[in-house]
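These are the residues of each chain, in order.
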Amino acid sequence: MCSNVVEAPQSARQFAKVLQILASFGNEEAKLVPILQAVQEEYRYLPEEVMTFVATALGVPPARVYGVATFYGHFALEPKGKYVVRVCDGTACHVKGSQNLVETLRDILKLPEGKKTTPDMLFTLETVSCLGACGLAPAVVINEDVHGLMTPESTAALIEDIRREEGL
Ligand code: FES
């Protein structure tokens with residue numbers, strides 16, 4: 001009962017932002033991809049209820065919005081952690097041991113099998129293809145910060161630093 005009282009204003013705010021985004025693209029169905037990109041920038045992923053709202057506002061079936069969201073690999077349908085850790089697995093990084101970094105990270109983040117995000121929503125682990133920093137292979141990006149010439153030890157140290165900053 002109480003949760004409705006708390007959630008209603010949150011939903012109103014959530015949809016107010018979506019309405020602004022839709023208006024900035026002229027409420028045009030043809031702009032669905034940039035609209036979803038802007039929504040994802042706002043929320044870091046595409047919440048299901050927001051996708052349904054976008055579909056209703058544009059007058060298109062929800063299946064069309066979900067279809068676009070699932071077609072493009074850069075759309076996230078699940079919430080991501082506060083820190084998104086991307087390990088480059090392009091050729092240069094792969095030959096310099098990026099898989100060891102992935103294994104180290106899965107281990108120290110204690111990621112359950114098949115999961116990318118820690119249960120406390122602090123970290124999301126992803127692999128990406130070439131980051132354009134091959135001279136720094138193997139490379140890891142945490143949010144916007146690029147870290148090069150990484151080893152399992154230096155990667156673990158980065159996570160340790162973040163945990164310390166977070167008071168963990
Ligand atoms: S292959 Fe990793 S930065 Fe290019």
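Everything quoted here is computed from the prediction, not taken from an experiment.

Peer 1: Help me understand the nonpolar core in this model?
Peer 2: Soluble, globular proteins show a tendency: their nonpolar side chains are buried together. Of all hydrophobic cores here, the largest spans 16 residues; its most connected members are Val85, Val87, Leu101, Leu105, Ala139 and Val140. Taken together, the elements giving at least two residues each to this core come down to β1 (83-88), α6 (98-108) and β2 (123-128). It is β1 that contributes the most residues to this core, four residues altogether. Apart from residues lying up to four places away in sequence, Val87 is in contact with Ser98, Leu101, Val102, Leu105, Thr127 and Val140. In this structure, Val18, Leu22, Ile35 and Met51 belong to the second largest nonpolar core, which totals 13 residues.

Peer 1: So what exactly am I meant to see when it comes to α6 here?
Peer 2: Each full turn of the α-helix corresponds to 3.6 residues, which orients residues three or four apart in the same direction. By the burial criterion, the buried members of α6 are Ser98, Leu101, Val102, Thr104 and Leu105. Projected onto a plane normal to the axis of α6, the buried residues spread over an arc of 165° and lie on a single side. Buried positions along α6 lie against β1, α5 (91-95), β2, β3 (140-142) and α7 (152-165). Two residues or fewer after α6 comes Lys110, characterised by a positive phi angle close to 50°.

Peer 1: How do you make sense of the packing of helix α3 (residues 48-58) against helix α4 (residues 62-71) when you look at a structure like this?
Peer 2: Two quantities define a packed helix pair, namely the angle between the helix axes and the distance between the axes. The N-to-C vectors of α3 and α4 enclose an angle of 125°; their axes lie 8 Å apart at closest approach. Considered as vectors, α3 and α4 are oriented oblique to each other. Every pair of crossing elements has a handedness; the one defined by α3 and α4 is right-handed. Seen from α3, the contacting residues are Met51, Thr52, Val54 and Ala55; seen from α4, they are Pro62, Arg64, Val65, Tyr66 and Ala69. Each residue belonging to the contact of α3 with α4 can be placed in one class, and the counts come to seven nonpolar, one polar and one charged.

Peer 1: Got a minute to help me understand the packing of helix α2 (residues 32-43) against α4 in this structure?
Peer 2: With their axes 11 Å apart at the nearest point, α2 and α4 run at an angle of 70° to one another. One finds that α2 runs roughly perpendicular with respect to α4. Contacts between α2 and α4 pair Leu32, Val33 and Leu36 from the former with Val65, Val68 and Ala69 from the latter. Classifying every residue of the contact of α2 with α4 by side-chain character gives six nonpolar, no polar and no charged.

Peer 1: Whenever I open this one, the pairing of β1 confuses me. Can you help?
Peer 2: The side chains of a regular strand alternate between both faces of the sheet. With six bridges connecting them, β1 and β2 associate as parallel partners. Bridge assignment links Val85 to a residue of β2, and that residue is Leu125. Relative to β3, β1 runs antiparallel, the two being bridged by three bridges. What sits directly across from Val87, in β3, is Val140.

Quick notes on the rules
- Residues numbered from 1 in each chain as written.
- Predicted model: local features only at pLDDT ≥ 70, side-chain atom pairs only at ≥ 80, totals over all residues.
- Core = buried A, V, L, I, M, F, W, Y, C linked by C-beta atoms within 7 Å.
- Buried ≥ 20, exposed ≤ 12 C-beta atoms within 10 Å, placed from the backbone.
- Helix = DSSP H or I, 4+ residues; strand = E, 2+ residues; numbered from the N terminus.
- Contact = placed C-beta atoms within 7 Å.
- Arc of directions from axis to C-beta.
- Axes fitted to C-alpha atoms, helices over the stretch in contact; angles between N-to-C directions.
- Parallel < 35°, antiparallel > 145°, perpendicular 65-115°, else oblique.
- Left-handed = near helix turned anticlockwise from the far one by under 90°.
- Nonpolar A, V, L, I, M, F, W, Y, C, P; charged D, E, K, R; others polar.
- Pairing = 2+ DSSP bridges.

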